[in-house]
Amino acid sequence: MPVYEALFWTQIRPVADELEQAASKRSVPGVVHALQQVVSEACADLGYRLFLRAMKAYSVEISEERGEKFLALGERFGYPEFLVDDNLNVRVD
């Protein structure tokens with residue numbers, strides 16, 4: 001498994017159930033599987049952008065620690081900080 005794909009999945013797996021539940025409530029079941037296909041068959045960079053978009057669109061809540069991990073992965077892809085954390089639903093503990 002390529003490095004970026006592995007990094008991507010280490011960040012998605014912990015929130016996959018919450019994302020799938022949120023998307024299914026809005027009649028979009030299978031979003032996590034679709035993201036997996038994008039990452040493995042097309043491009044991990046594109047998959048991560050779509051993942052972030054889905055997390056924001058469905059307001060999936062994450063911890064500050066998870067948010068920091070998302071930022072770190074975004075840095076590896078060369079994303080500016082605002083692209084990752086703008087409108088991300090980060091729980092303040």
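Here the structure is a predicted model, which means the values were calculated and not measured.

Engineer: Honestly, the overall build of the protein chain in this entry has me stumped. Any pointers?
Structural biologist: In terms of regular secondary structure, the protein chain is built from six helices and zero strands. At 12 Å, the protein chain has a C-alpha radius of gyration in line with the 12 Å of a compact globule built from 93 residues. With the C-alpha coordinates aligned to their principal axes, the bounding extent of the protein chain is approximately 30 × 30 × 20 Å. Every one of the 93 residues in the protein chain was classed for burial, and the buried ones make up 40%. When contacts within the protein chain are restricted to residue pairs at least 6 apart in sequence, long-range pairs at least 24 apart make up 71% of them. Here the protein chain carries 10 positive and 15 negative side-chain charges, and the mean point of each set is 3 Å from the other.

Engineer: How do you make sense of unusual backbone geometry when you look at a structure like this?
Structural biologist: Where the residue is not glycine, phi is negative for most of them; where a peptide bond is considered, it is trans in most cases. Residues other than glycine seldom take positive phi values, yet S27 does so here, at roughly 65°. Position of S27 among the secondary structure elements: in the loop between helix 2 (16-25) and helix 3 (31-41). For S27, a relative accessible area of 66% gives the class exposed. Positioned with a positive phi, S59 is a non-glycine residue whose angle comes to about 50°. Summarising the element assignment, S59 is placed in the loop between helix 4 (44-57) and helix 5 (64-76).

Engineer: For this particular structure, what's the right way to read the confidence of the model for the protein chain?
Structural biologist: Predicted coordinates in areas of low pLDDT are best not read in detail. Looking at the protein chain as a whole, its pLDDT mean stands at 89, while 95% of the residues score no less than 70. For the protein chain, helix 1 (residues 3-12) is the element with the lowest average pLDDT, namely 73, and helix 6 (residues 81-85) is the one with the highest, namely 94.

Thresholds, definitions, all that
Numbers given to residues run from 1 along each chain, matching the order in which its sequence is written. Totals for whole chains, interfaces and linings use all residues, but because this is a predicted model, local features are given only for residues with pLDDT of at least 70 and pairs of side-chain atoms are given and counted only at 80 or more. Side-chain metrics in this entry use all non-hydrogen atoms of the structure; hydrogen atoms and water are not considered. Only DSSP runs of H or I covering at least 4 residues are called helices, and only runs of E covering at least 2 are called strands; the numbering of each starts at the N terminus. The globule rule used for comparison is 2.2 Å times the number of residues to the exponent 0.38, while the radius of gyration itself is calculated over C-alpha atoms. Each residue's exposure class comes from its accessible area (1.4 Å probe, protein chains only) as a fraction of the maximum for that residue type: buried when under 20%, exposed when over 50%, partly exposed otherwise. We call two residues in contact whenever any of their non-hydrogen atoms come within 4.5 Å of each other. Charge assignment in this entry is limited to Lys and Arg as positive and Asp and Glu as negative, and neither His nor the chain termini are counted. Lysine's charge is taken at NZ, arginine's at CZ, aspartate's at CG and glutamate's at CD. You can read pLDDT as the predictor saying how much it trusts each residue, on a scale of 0 to 100.

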